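# Working through the structure, step by step
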Amino acid sequence: VQLQASGGGLVQTGGSLRLACAASGLTFSDYDMSWFRQAPGTEREFVAAIVSIGSATYYADSIRGRFSISRDNHGNSVYLHMSNLKPEDTAAYYCAARPAYSGGNYYSQNRYNYWGQGTQVTVSS
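These numbers come from a predicted model, not from an experiment.

So, on to the packing of aromatic side chains. According to the stated counting rule, one finds seven aromatic pairs in the structure shown. Pairing Phe46 with Tyr107 gives two aromatic rings, centres 4.6 Å apart and planes at 40°, and the pair type is tilted. Of this pair, Phe46 sits in strand E5 (residues 45–50) while Tyr107 sits in the loop between strand E9 (91–99) and strand E10 (114–115), and the two are 61 residues apart along the sequence. What makes Tyr107 partly exposed here is its relative accessible area of 48%. Ring geometry for Tyr112 against Trp115: centres 5.8 Å apart, planes inclined by 55°, an arrangement best described as tilted. The ring of Trp115 carries the charged tip of Arg44 above its face, separated from the ring centre by 3.7 Å.

Definitions and cut-offs
- Residues numbered from 1 in each chain as written.
- Predicted model: local features only at pLDDT ≥ 70, side-chain atom pairs only at ≥ 80, totals over all residues.
- Heavy atoms only, no water.
- Phe/Tyr/Trp six-rings, centres within 6.5 Å; stacked < 30°, edge-to-face > 60°.
- Helix = DSSP H or I, 4+ residues; strand = E, 2+ residues; numbered from the N terminus.
- Buried < 20%, exposed > 50% of the residue type's maximum accessible area, 1.4 Å probe, protein only.
- Lys NZ or Arg CZ within 6 Å of the ring centre and 35° of its normal.

Here's what the structure looks like:
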């Protein structure tokens with residue numbers, strides 16, 4: 001199984017980016033997908049999740065209204081659309097997969113079977 005994250009970069013405050021995560025080696029529609037992030041010196045934190053099939057999404061309070069998660073089950077990809085970026089959004093962003101109907105909350109990192117390698121987002125002030 002491989003999760004390949006891409007789309008990170010350097011952007012000014014107020015700017016936008018779209019991250020993508022391409023999955024291979026698994027039945028993509030059998031997995032809920034999430035994005036986490038980790039800034040230097042901090043713990044990795046939950047950002048957003050989307051269920052395996054359907055449109056239910058979940059967001060961290062810190063990014064609600066600015067970020068949007070979506071997925072393409074035919075293309076085996078999940079996306080994170082980020083707008084109105086702030087310097088505090090600077091972090092490495094990771095996509096992760098957990099089996100559908102795992103139960104529990106999406107914040108629990110130990111429920112995720114697979115992780116991508118991370119893509120760096122840097123927001124300048």
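After presenting the structure, the write-up continues.
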